[in-house]
Amino acid sequence: MTTGSLLVADLVIAVLAAATWLGGGAASAARRRPLALGLAAVALLATLARAITITALVRAGWWFAAEKVLIAAPLSLAAVGVAGPRLLRAPGDIRAVAVPLLFAGYATSSALLVTILHGYPASAGAGLLAVAGVVAATAISGRALGARPSRTVSRVALVVAMAALLTGTGLTVAPGAAPAVPHEHGFPAARIADEPTRRFTLTAATATVDADGRNVAAWAFNGQVPGPELTATVGDVLEVTLRNRDIGRGVTLHWHGYDVPNDQDGVPGVTQAAVRPGQEFVYRFRADQAGTYWYHTHSASDVGVRMGLYGVLVVRPGPVTGLDVTVPVHTLAGRPLPAPRVEKVDAGLPARMRLINTDSTTHRYAVAGTAFRVAAIDGVDLRGPTPLVDTAVLIPAGGRYDLEFTAPATPVALFVDGRAVYSTGPVSTATGAWPVLDTLGYGATAPVPWSRFDKTFTLVLDRGLDLRRLLPRYAHTVNGAADPDIPPQVVRLGDVVRFTIVNRSQIVHPWHLHGHHVLVLARDGEPAAGSPLWLDSFDVRPGEVWEVGFRADTPGMWANHCHNLAHADAGMMLHLTYS
Ligand SMILES: [Cu+2]
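Computed from a predicted model, the values in this text were never measured in an experiment.

Visitor: Can you walk me through the pattern of salt bridges in this structure?
Guide: When the charged atoms of two side chains with opposite charge come close together, those side chains can pair. Evaluated as defined, the whole model comprises 25 salt bridges. A salt bridge links Arg243 to Glu280; the shortest N-O distance between them is 2.7 Å. Taken together, the residues span a long stretch of sequence, with Arg243 in strand S4 (residues 237-244) and Glu280 in strand S6 (residues 280-286) at a distance of 37 residues. Residue Arg243 is classed as partly exposed on the basis of its relative accessible area of 37%. In this structure, Glu544 and Arg541 form a salt bridge, with 3.5 Å as the shortest nitrogen-oxygen distance. Glu544 sits in the buried class, given a relative accessible area of 10%.

Quick look at the structure:
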């Protein structure tokens, strides 16, 4: 069983336990004896079953189980300890066990709420608040059912609640917020003045564009979605003038995966101010990495990218030989882009398909009709990629895969989530059942270039109630905090840095560090076994633990966030900064 399914199973059992304890309490209050005993029996079993799921989660990693061990387990023990013996005595009047059963229900429910609303890390305050809630609810129920009110119980509730408030739940104490850093070093323009320069102008504006045969409202660069394809040859200087005609939320250009100098990175409030309507900003950097990349706005990035402010950036090592197609996949107003394209290709030609996922969720790609290799991921060539047949690849949000093959005499087709997007002739193949490539075991290995790490950071991804804002929100959190309250990660130039990224939530988080490619070291404790994977976007699925490393060699302040941009907007964003 994967850790992801264990997390789900544990949650389902916890909900079942809480619901049946509460149901049993209500049934006994209503003197429905058989129903009360039946529900209580289920509750008892479910509560005991959690011992198994919690133990398994501890074995998967303390991050997955901390609050369950420290808060849920004691509360569950209290539930069983209080309700169990009274049930066994099987009282003549079933109403006598109503309060103990309700107590058990409150105990298991409040532990559940700690997991759902507070998550990781466990805090004394959250535990005490949970206990105070249980005591108070039990006292109120007891009174409502005519039991003698107990002064001791009320006092205990009060003391525990006070202690909880004093300790703090961890949700109300703001650690140092990430400071906004003005860009202090400009790119030395003189140094690149003589080199071949590719100049582009991108004007952002509201527009109506055709999406899969229907006119939809969009935000577009130069009136088109995706924006113009920017191409360059290694060694060129790219000079891109960004203009904003009427995008009220502001626009920037972030060069996704392209490790540009920090002041060209296009993150508003961090490396530059957002470009407002009527303003412009000129980006200039040398194209010294070949590969497949993309650009997109980083201002109000969730809505901005979704509405169409993105495009392809391809840097080639030299002239194109054979077929070279880019396939930036996007969902615009619920319609899939790009439109299917059919192209006749001569047999024997070398072909490269550059697949780009510009959405916020994973897409599944499958090439039918030929063997192929995954030549590059996230712009970096793989080592010794072997031919694959009838195999699908999953590309995370923001990720790019370059597939290579030699065009056969028979038709080839690329399917994205089962939809034919590109073909050289009619192909009807069901690709849905194909196995998915695990890139961590693909290609030829090479040793990890570092033997020690100067800095190690752990990022535990979760959800939690964020009470630090005017309006509380159910945030996507890192280590229990949400943007802008996640402390920045501080490194020194030259440090070798390791990230441990843990997903204890129920959804995929495509992780994206700006300014650096990271080398995958291990997933779930298994060292990466194939070609070195230098990634800028990778899916951390529920229950997964990723270890990645990189050398801190590009000074500045860099965004480090989930590339499901709605998650980033809802708190899952922090910064890596150089001291
Ligand atoms: Cu996410």
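Visitor: Sorry if this is basic, but what is going on with the environment of Ala446 here?
Guide: When you line up the elements, Ala446 lands in the loop between strand S19 (419-423) and strand S20 (455-466). Its relative accessible area of 33% is what places Ala446 among the partly exposed residues. The spacing of Ala446 and Ala392 is 54 residues in sequence and 25 Å in space, taken between C-alpha atoms. With residues near it in sequence (within four places) discarded, Ala446 still touches Arg383, Gly530 and Pro532.

Visitor: I'm lost on a nonpolar patch on the surface in this one. Help?
Guide: On the surface, a nonpolar cluster with roughly 310 Å² of combined accessible area is contributed by Leu113, Ile116, Leu117 and Tyr474. The greatest single-element share of the nonpolar patch, amounting to three residues, is contributed by helix H4 (residues 98-118). Along the polypeptide, Ile116 turns up in helix H4. Looking at Ile116, the relative accessible area reads 31%, which means it is partly exposed.

Visitor: For this particular structure, what's the right way to read the side chain of Asn244?
Guide: Along the chain, the position of Asn244 falls in strand S4. Overall, the relative accessible area of 2% leaves Asn244 in the buried class.

Visitor: Got a minute to help me understand the pairing of strand S12 (residues 350-357) in this structure?
Guide: Looking along a regular strand, one sees side chains alternate from face to face of the sheet. Taking burial as the measure, the eight residues of S12 include seven buried ones, the bulk of the element. Relative to S12, strand S9 (residues 323-332) is paired through seven bridges, and the arrangement is parallel. Bridging from a neighbouring strand, Asp324 pairs with Arg352 of S12. Pairing of S12 with strand S17 (residues 400-406) involves seven bridges; the strand directions are antiparallel.

Visitor: Got a minute to help me understand helix H2 (residues 33-60) in this structure?
Guide: Along an α-helix, a turn takes 3.6 residues, which lines up residues three or four apart on a common side. With 28 residues, H2 extends 41 Å from end C-alpha to end C-alpha; this agrees with the ideal 40 Å at 1.5 Å per step. For H2, the elements touching its buried residues are helix H1 (3-29), helix H3 (62-88) and H4. Immediately downstream of H2, the backbone of Gly61 shows phi near 150°, a positive value.

Visitor: Even after reading the chapter, I still don't get the environment of Val421, so can you show me in this structure?
Guide: Within the secondary structure, Val421 sits in strand S19. C-alpha separation for the pair Val421 and Val329, spaced 92 residues apart in sequence, amounts to 9.1 Å. Apart from residues no more than four positions distant in its own chain, Val421 is found in contact with Val327, Pro338, Ala339, Pro340, Arg341, Leu414 and Val416.

Visitor: Please clarify how the confidence of the model for the protein should be interpreted in this entry.
Guide: The predicted coordinates ought not to be read in detail in places where the model reports low pLDDT. Summarising the model, the protein shows a mean pLDDT of 92, and 92% of its residues fall at 70 or more. When the criterion is pLDDT under 50, residues 170-190 qualifies, and its contacts beyond four places in sequence or with other chains add up to 46 contacts.

Visitor: Is there a simple way to explain the sheet that holds S19 in this structure?
Guide: Either a parallel or an antiparallel arrangement is found when strands of a sheet pair, and the pairing is made through backbone hydrogen bonds. Taken in spatial order, the five strands line up as S11-S19-S18-S13-S16 in an open sheet, and their pairing is mixed. Each end of this open sheet is capped by a strand with a single partner; those strands are strand S11 (341-342) and strand S16 (392-395). The pairing of strand S13 (residues 363-368) with strand S18 (residues 413-416) spans four bridges and is classified as antiparallel. Residue pairing for S18: Ala366 is matched across the bridge by Phe415.

Calculation criteria
Residues numbered from 1 in each chain as written. Predicted model: local features only at pLDDT ≥ 70, side-chain atom pairs only at ≥ 80, totals over all residues. Heavy atoms only, no water. Salt bridge = Lys/Arg side-chain N within 4 Å of Asp/Glu carboxyl O. Helix = DSSP H or I, 4+ residues; strand = E, 2+ residues; numbered from the N terminus. Buried < 20%, exposed > 50% of the residue type's maximum accessible area, 1.4 Å probe, protein only. Contact = heavy atoms within 4.5 Å. Patch = residues over 30% accessible without salt bridge, like charges linked within 9 Å, V, L, I, M, F, W, Y side chains within 5 Å. Areas by Shrake-Rupley, 256 points an atom, 1.4 Å probe, with all protein chains shown as cover. Pairing = 2+ DSSP bridges. Expected span 1.5 Å × (residues − 1). pLDDT = per-residue confidence, 0-100.

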